[in-house]
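Commentary on secondary and tertiary structure
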Amino acid sequence: MKQIAFALAFALAAPAAWAADKLPLSQISNYLNGLKTVQTTFTQVNDDGSLSTGRLWLQRPGKMRFEYDPPNSAVVLANAGTVMVFDPKSNQPPEQYPLKRTPLSLVLARNVNLSQADMVVGHTFDGTATVVTAQDPKNPDAGRIELMFTSDPIELRKWVIHDSAGGQTTVLLGPLDSNVRVDSDLFSNKARRGSDDR
C-alpha cells in the first residue's frame, strides 16, 4: 500500500536546439498557483509494472483524494498535513504519514515557487512537453517528483514520484476539470468508502 498515490522512468533530455521551447519555471509556478481545484481520472503505473485506475480530486492548498477502482478500492486522503491510506482489505487503522515527507507536498503547497534555491533539479523539454524534476530543499531525502506539462494552454499531464527507497510510481492524468466546485467532504477522513457511498 505504500505505493498508493505515489507515482515511467526519467524523461529524456531534449536536444539543446529545443531548449527555447521549454516552459519557464515562473510560468509553471503561476499555473500551479492558479490551480485551486481539480477533478479528473487517472491511471497509475506502479513500481512493479502493475496498473491501477481511479478518480482524483485536488484542492489547493494541502488537499488531495485518490479513489482507486476495484479490485483495489483503496482511498488515499491528504489533508491537514497528513496522508492517510485506507485499505478496505485490511482491518488495521489507516496508514498515516506527514504530507511534507512526500514530494506531492510541492504541488499542494500554498505558494509554489519553482525558482526557490535547490528545489528544481531538472528542467527539460522532450519534444512535446516540459518536464520539471523537483524536490523539497528542506526534505531532500523525501524523494523527488517529475512533473510533465503541455502548453497552449499549460496543463499538468503526468507526474512521477521517486521515493526515498528507490521506487517510482507514475500517475497519468485524464482531462482536467479545473477550478470548479469540489465538495469539501471528499477530504474528510470519514469519507473512506468512496465518494459514491457518502
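As recorded in an unreviewed UniProt entry, the protein goes by Outer membrane lipoprotein-sorting protein and comes from Ruegeria intermedia.

This part covers the pattern of salt bridges. Counted according to the given criterion, the structure contains three salt bridges. Two residues, Arg-55 and Glu-67, come together in a salt bridge whose shortest N-O distance is 3.1 Å. Of this pair, Arg-55 sits in strand β2 (residues 51-59) while Glu-67 sits in strand β3 (residues 63-68), placing them 12 residues apart in sequence. Residue classification places Arg-55 among the partly exposed positions, given a relative accessible area of 30%. Note on Glu-67: relative accessible area 7%, which makes it buried. In this structure, Arg-157 engages Glu-155 in a salt bridge whose closest nitrogen and oxygen atoms are separated by 3.2 Å.

On to the nonpolar core. Within the largest apolar cluster, 39 residues are counted, with the highest numbers of intra-cluster contacts made by Met-64, Ile-145, Phe-149 and Trp-159. Sorting elements by how many residues they give to this core places helix α1 (residues 25-33) first, with four residues. Once residues lying within four places of it in the same chain are set aside, the contact partners of Phe-149 are Leu-23, Ile-28, Tyr-31, Leu-32, Ala-129, Thr-130, Val-132, Ile-154, Glu-155 and Leu-156.

Burial of strand β8 (residues 130-134) is extensive: five of the five residues sit out of reach of the surface. The side-chain alternation of β8 yields two buried faces, one formed by Thr-130, Val-132 and Ala-134 and the other by Val-131 and Thr-133. Here strand β7 (residues 120-125) pairs with β8 via five bridges, running antiparallel. From the neighbouring strand, Val-120 faces β8, where its bridge partner is Ala-134. Between β7 and β8, which pair antiparallel one after the other, the connecting turn spans four residues, and Gly-127 there sits at a positive phi close to 105°.

Cut-off values and rules
- Residues numbered from 1 in each chain as written.
- Predicted model: local features only at pLDDT ≥ 70, side-chain atom pairs only at ≥ 80, totals over all residues.
- Heavy atoms only, no water.
- Salt bridge = Lys/Arg side-chain N within 4 Å of Asp/Glu carboxyl O.
- Helix = DSSP H or I, 4+ residues; strand = E, 2+ residues; numbered from the N terminus.
- Buried < 20%, exposed > 50% of the residue type's maximum accessible area, 1.4 Å probe, protein only.
- Core = buried A, V, L, I, M, F, W, Y, C linked by side-chain atoms within 4.5 Å.
- Contact = heavy atoms within 4.5 Å.
- Pairing = 2+ DSSP bridges.

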